[in-house]
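In case you want the letters, here they are:
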Amino acid sequence: MRKGINPVKQLQTVEKPQRVTAAVLNHIPFLDGFYADMLKVLDLSLTSLRKNAGMEFDLLVYDNGSCAEARAYLLSEFEKGSIQTLILSDRNMGKGGAWNVMLQAAPGEIIAYADNDVLYHPGWLRETVKVLDTYPNVGMVTSRPFHTKPDLYSAVT
């Protein structure tokens, strides 16, 4: 039995989510063969996402049944505050199943979705939101692949 008043009820304000939630789907089943360097790729992707957004956002990562090493990396990033919402699935639910969970869990008014291997260019999020704000009837904004080879190092340094 609890006694007294819940101290949380005395809070005057609570944190509100950012307008935009960047939602990243991750799946690294093992660190061999095709997936041998995926932890490095994931780290590069998340680093470029944070560095190049050009505006404030909350980061949600959905881990779709990854190996222990990938989960440990994500937990470490969450504990550092680099990820605001981390959802860990004990099995791979497929991309569609993961999207269903991610899109319902994302607290932002705008959701910017991507996989774990995207390299984000400077201003990517700011420019995306600018399109949505300029054209209120637009429901989705996407990009087309660049036809030039990007300098990966300068994208995150």
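Quantities reported herein were computed from a predicted structural model and do not represent experimental measurements.

*Asks:* How do you make sense of helix H2 (residues 68-80) when you look at a structure like this?
*Replies:* An α-helical segment advances 3.6 residues per turn. Residues three or four places apart therefore align on the same side. The end-to-end C-alpha distance of H2 is 18 Å, a good match for the 18 Å that 13 residues give at a rise of 1.5 Å each. The set of residues buried in H2 consists of Ala70, Tyr73, Leu74 and Glu77. Angular distribution of buried residues about the axis of H2 spans 95°; they occupy a single face of the element. Exposed residues lying more than 90 degrees from the buried face of H2 are Ala68 and Glu79. Looking at the packing, one finds that the buried side of H2 touches strand S1 (20-26), helix H1 (38-52), strand S2 (58-64) and strand S3 (85-89). Taken from the residues just after H2, Gly81 is the one with a positive phi, measuring 90°.

*Asks:* When you look at the side chain of Asn116 in this model, what are you seeing that I'm missing?
*Replies:* Within the secondary structure, Asn116 sits in the loop between strand S4 (110-115) and helix H4 (124-134). Judged by relative accessible area, Asn116 falls into the buried class, the value being 8%. A distance of 2.7 Å separates a polar atom in the side chain of Asn116 from a polar atom in the side chain of Asn26.

*Asks:* Even after reading the chapter, I still don't get the side chain of Ser45, so can you show me in this structure?
*Replies:* By the secondary structure assignment, Ser45 is in helix H1. Classification of Ser45 as buried rests on a relative accessible area of 1%. Ser45 has contacts with Asp115, Asn116, Asp117, Val118 and Tyr120, leaving out every residue within four places of it along the chain.

*Asks:* So what exactly am I meant to see when it comes to the environment of Leu49 here?
*Replies:* Examined against the element boundaries, Leu49 turns out to sit in helix H1. Residues Leu49 and Ala22, 27 residues apart in the sequence, show an inter-C-alpha distance of 8.6 Å. Apart from the residues within four sequence positions on either side, Leu49 is in contact with Ala22, Val24, Phe57, Leu59, Tyr120 and Trp124.

Conventions used here
- Within each chain, residues carry numbers counting from 1 in the order of the written sequence.
- Owing to the predicted nature of the model, reporting of local features is limited to residues with pLDDT of at least 70; listing and counting of side-chain atom pairs is limited to 80 or more, with chain, interface and lining totals taken over all residues.
- The basis for every side-chain value is the complete set of non-hydrogen atoms in the structure, without hydrogens or water.
- What counts as a helix is a DSSP run of H or I of at least four residues, what counts as a strand is a run of E of at least two, and both are numbered from the N terminus.
- One fewer than the residue count of a helix, multiplied by 1.5 Å, yields its expected span.
- Residue burial is assigned from relative accessible area. The probe radius is 1.4 Å, only protein chains are included, and a residue is buried under 20% of its type maximum, exposed over 50%, and partly exposed in between.
- By construction, the arc corresponds to the directions joining the helix axis to the C-beta atoms.
- For this analysis, residues touch if any pair of their heavy atoms sits within 4.5 Å.
- As used in this structure description, the phrase polar contact means that two N or O atoms lie within 3.5 Å; if the pair is within protein, one of them must be able to donate a hydrogen and the other to accept it, and residues adjacent in sequence are counted only when both atoms belong to side chains.

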